[in-house]
Amino acid sequence: MSRKRPHRFAPAVLLAAVVLMLAACGVEYPNSTFNHTSDLNTAIDALWDRLLLLGTIVFVFVEVLLIFTIYKFRKRPGGAPAKQIHGHAALEITWTVIPALILVLIAVPTVRTIFKTQAKAPAGSLEVTVIGHQWWWEFRYPSLGITTANELYIPAGKTVNFTLQSRDVIHSFWTPQLGGKRDLITNRTNYLWYTVNADLAENVFNGFCTEYCGASHANMRFRVYTVSPDKFDSWTKRQQANGVMSPIPSVAAAPVVALASVAGSKAKAPATPPAPASQLAVDGYVYPLAQMPKWTIPQTPVPSEIKFDDALLAGGDSARGHEMVANTKNMGTVPCLTCHIIRGEYTAMGLKDDVAAGPNLTHIASRHTFAAGLYPTTPANLARWIKNAQVMKPGSLMTVLGAGEYNPMLKKTNGSTALDDRQIADIVAYLMALK
Ligand code: HEC
Ligand SMILES: [Cu+2]
């Protein structure tokens with residue numbers, strides 16, 4: 001092999017490198033941390049720019065000096081040996097003072113930014129409690145009485161104070177575009193606050209868990225919708241309402257039902273089926289699905305191991321699904337309401353947010369993604385999720401509910417009393433009505 005070979009390829013390699021670099025321009029960076037979208041990331045980026053500038057000056061200065069010295073004092077044939085110097089007070093003071101000054105120039109803005117971003121949130125901020133679970137996110141708005149999961153709405157232009165907690169192991173809350181990241185720690189509460197620029201209303205951003213937390217850590221994502229304060233209020237109203245499929249049986253009929261059951265009468269009480277979802281007005285803002293940028297729509301391939309006849313979904317009956325979920329006796333398997341809260345269910349098991357094992361489903365259909373940003377909320381995906389959540393999300397703490405499905409945690413296959421596909425289709429119709 002010729003020793004010249006590498007040289008022949010050098011131009012080609014250089015060209016390839018340049019082409020690669022150019023190819024990187026014009027690509028969208030939906031998760032870049034360099035955007036000025038909030039006061040927090042603007043402050044941090046200003047600091048970064050300053051440090052980069054100072055670092056560049058130091059680098060250029062040192063390199064020029066170095067190259068100059070190497071060249072000027074290079075060994076020449078027949079040249080005199082280099083002069084040996086021991087101790088040079090002026091020089092030593094100079095090279096101590098200059099770096100000390102540089103460190104001051106770095107330290108002052110750094111410490112100032114730390115104090116600014118670690119200070120207590122300004123009074124009047126919107127409080128949001130973020131609770132990390134293996135492997136999903138709970139979002140509570142204590143002042144608004146809302147508990148939701150995996151999709152966070154915040155008003156642009158208003159300061160939001162996140163109280164960060166964990167139910168199990170350490171997680172980390174990060175929305176690269178908006179600022180963060182900060183850990184959620186089991187036995188300690190952390191805080192993070194920022195104000196998203198007012199002109200960023202009607203945007204959606206990707207969020208991630210960035211602290212390894214177990215099997216589905218990489219599947220622990222979320223979405224942040226930054227909306228105008230008006231739209232936020234409207235969204236709030238919707239979320240505060242009870243689940244739409246849970247109308248407390250109509251006012252006139254209710255006493256009859258109550259009496260019938262008090263008397264222990266076997267006589268059939270006048271049935272008051274819940275009104276179909278279409279008859280109930282659902283008010284309040286939801287970020288329009290059509291407006292979601294493509295990088296916020298989950299691309300997770302749906303596991304083909306789960307067989308489900310999607311044709312059944314068209315015939316799903318939300319009232320039947322409702323009966324099954326609400327009246328836990330109707331389900332031949334672990335009832336949904338042992339782990340989930342659906343606010344307004346008249347047979348809700350009195351679960352409190354603090355002990356619910358799974359996400360609050362009161363308005364599940366108003367969320368465009370589920371399972372912590374893993375899948376778009378579609379009937380087909382929900383059906384497979386209910387049938388076998390473990391295959392849909394490795395390690396998931398939701399139990400396997402489909403008949404004949406294998407449960408890797410219990411190491412056994414579900415019997416025939418578990419949910420069949422038609423029952424799942426009914427439950428999906430009900431969930432899709434929980435707007
Ligand atoms: C043993 C407790 C348990 C039972 C029973 C259970 N779930 Fe779950 N469910 C969970 C957990 C935990 C999660 C979160 C899983 C994750 O994202 O990693 C979850 C997630 C979900 C989600 C996704 C929610 C979101 O916003 O991401 C839906 C929908 C859901 N469950 C529906 C149901 C239905 C319907 C039933 C009953 C047929 C049911 N679950 C029964 C524990 C349970
Ligand atoms: Cu994690």
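Conventions and cut-offs
- Residues numbered from 1 in each chain as written.
- Chains lettered and ligands numbered in written order.
- Predicted model: local features only at pLDDT ≥ 70, side-chain atom pairs only at ≥ 80, totals over all residues.
- Heavy atoms only, no water.
- Helix = DSSP H or I, 4+ residues; strand = E, 2+ residues; numbered from the N terminus.
- Buried < 20%, exposed > 50% of the residue type's maximum accessible area, 1.4 Å probe, protein only.
- Contact = heavy atoms within 4.5 Å.
- Donors = N, O, S within 2.8 Å, 3.2 Å for Na, K, Ca; no water.
- Tetrahedral: all angles 85-135°; square planar, octahedral: opposite > 155°, others 65-115°.
- Axes fitted to C-alpha atoms, helices over the stretch in contact; angles between N-to-C directions.
- Parallel < 35°, antiparallel > 145°, perpendicular 65-115°, else oblique.
- Nonpolar A, V, L, I, M, F, W, Y, C, P; charged D, E, K, R; others polar.
- Expected span 1.5 Å × (residues − 1).
- Polar contact = N/O pair within 3.5 Å; in protein donor to acceptor, adjacent residues only side chain to side chain.
- Pairing = 2+ DSSP bridges.
- Near = heavy atom within 4 Å.
- Domains from an automatic or database assignment.
- pLDDT = per-residue confidence, 0-100.

1. Comments concerning the overall build of the chain
Then comes step 1: Per the secondary structure count, the chain includes 10 helices and 14 strands.
Then comes step 2: Here the chain holds 435 residues, and 40% of them are scored as buried.
Then comes step 3: Residue pairs at least 24 apart in sequence account for 66% of intrachain contacts in the chain once pairs closer than 6 positions are excluded.

2. As for the coordination of the copper ion (ligand 2)
Then comes step 1: All of the protein donors around the copper ion (ligand 2) are Cys209 (SG), Glu211 (O), Cys213 (SG) and His217 (ND1); their distances to the metal are 2.0 to 2.6 Å.
Then comes step 2: Here the copper ion (ligand 2) binds four donor atoms, and the angle range of 86 to 131 degrees at the metal identifies the geometry as tetrahedral.
Then comes step 3: Sequence positions of the donors to the copper ion (ligand 2) reduce to the motif C-x1-E-x1-C-x3-H.
Then comes step 4: Taking the relative accessible area as the measure of exposure, Cys209 reaches 7% and is therefore buried.

3. Here we look at the coordination of the iron atom of ligand 1
Then comes step 1: The protein atoms that coordinate the iron atom of ligand 1 are His340 (NE2) and Met398 (SD), at distances of 1.9 to 2.1 Å.
Then comes step 2: Of note is the iron atom of ligand 1, whose six donor atoms meet at the metal with angles of 88 to 177 degrees in an arrangement that counts as octahedral. Of this pair, His340 sits in the loop between helix 7 (318–326) and strand 11 (369–370) while Met398 is found in the loop between helix 9 (389–392) and strand 13 (406–407), placing the two residues 58 residues apart along the sequence.

4. Digging into the packing of helix 2 (residues 39–72) against helix 3 (residues 89–118)
Then comes step 1: Where helix 2 meets helix 3, the axes come as close as 10 Å, and the angle between the chain directions of the two elements is 170 degrees. By the angle between their axes, helix 2 is roughly antiparallel relative to helix 3. Here Leu40, Ala43, Ile44, Leu47, Arg50, Leu51, Leu54 and Val58 of helix 2 come into contact with helix 3, specifically with Ile102, Leu105, Ile106, Pro109, Thr110, Thr113, Lys116 and Thr117.
Then comes step 2: Its residues placed into classes, the contact of helix 2 with helix 3 shows 11 nonpolar, three polar and two charged.

5. Some details on helix 10 (residues 421–433)
The α-helix advances 3.6 residues per turn, and as a result positions three or four apart in sequence lie on the same side.
Then comes step 1: Its 13 residues give helix 10 an end-to-end C-alpha distance of 18 Å, which sits within 8% of 18 Å, the value for a rise of 1.5 Å per residue.
Then comes step 2: When you tally the buried positions in helix 10, you get 10 out of 13 residues, the bulk of the element.
Then comes step 3: Where helix 10 is concerned, the buried positions are Asp421, Ile424, Ala425, Asp426, Ile427, Val428, Ala429, Tyr430, Leu431 and Ala433.
Then comes step 4: The inward-facing, buried residues of helix 10 abut helix 6 (311–314), helix 7 and helix 8 (379–387).
Then comes step 5: The opening residue of helix 10 is Asp420, an N-cap whose side-chain oxygen sits 3.1 Å from the backbone nitrogen of Arg422.

6. Quick notes on the pairing of strand 3 (residues 146–149)
Residues in a regular strand project their side chains so that they alternate between the two faces of the sheet.
Then comes step 1: Of the two faces of strand 3, the one lined by Ile146 and Thr148 and the one lined by Thr147 and Ala149 are each fully buried.
Then comes step 2: When strand 2 (residues 136–141) meets strand 3, the two strands line up antiparallel, connected through four bridges. Looking at the pairing, Arg140 lines up with Thr147 of strand 3.
Then comes step 3: The hairpin turn running from strand 2 into strand 3, its antiparallel successor, is four residues long, and Gly145 in that turn takes a positive phi close to 70 degrees.

7. Overview of the site of ligand 1
Then comes step 1: Within the structure, ligand 1 sits among 31 residues, and Cys336, Cys339, His340, Ala371 and Met398 are positioned closest to it.
Then comes step 2: One nitrogen or oxygen atom from the side chain of His340 is found 2.7 Å from a nitrogen atom belonging to ligand 1.
Then comes step 3: Take Ala371: an N or O atom from its main chain is 2.6 Å from an oxygen atom of ligand 1.
Then comes step 4: For the shell around ligand 1, the secondary structure elements donating two or more residues are helix 8 and helix 10.
Then comes step 5: Taken domain by domain, the shell around ligand 1 gets at least three of its residues from each of domain 2 (126–240) and domain 3 (276–281 + 298–433).

8. Quick look at the confidence of the model for the chain
Then comes step 1: For the chain, the mean per-residue pLDDT works out to 87, and 87% of the residues sit at or above 70.
Then comes step 2: In this model residues 246–280 is a low-confidence stretch, pLDDT under 50, and it forms 25 contacts with partners more than four residues away in sequence or in other chains.

9. Comments concerning the sheet that holds strand 6 (residues 171–175)
Then comes step 1: Sheet architecture is open: five strands sit in the order 4-10-9-6-7, paired in mixed fashion. In this open sheet, the two edge strands, each paired with only one partner strand, are strand 4 (151–155) and strand 7 (179–184). Averaged over neighbouring strand pairs, the angle between their axes works out to 20 degrees when direction is ignored.
Then comes step 2: Lying on the sheet, helix 4 (residues 229–240) is in contact with strand 4 and strand 10 (221–227); it crosses strand 4 at an angle near 135 degrees.

10. A few points about the packing of helix 7 against helix 10
Then comes step 1: Between helix 7 and helix 10, the least distance of the axes is 7 Å, while the angle of their chain directions is 95 degrees. Relative to helix 10, helix 7 is oriented roughly perpendicular. On helix 10, the residues touching Ser318, Arg320, Gly321, His322, Met324 and Val325 of helix 7 are Arg422, Gln423, Asp426, Ile427, Ala429 and Tyr430.
Then comes step 2: Looking at the contact of helix 7 with helix 10, its residues break down into five nonpolar, four polar and three charged.

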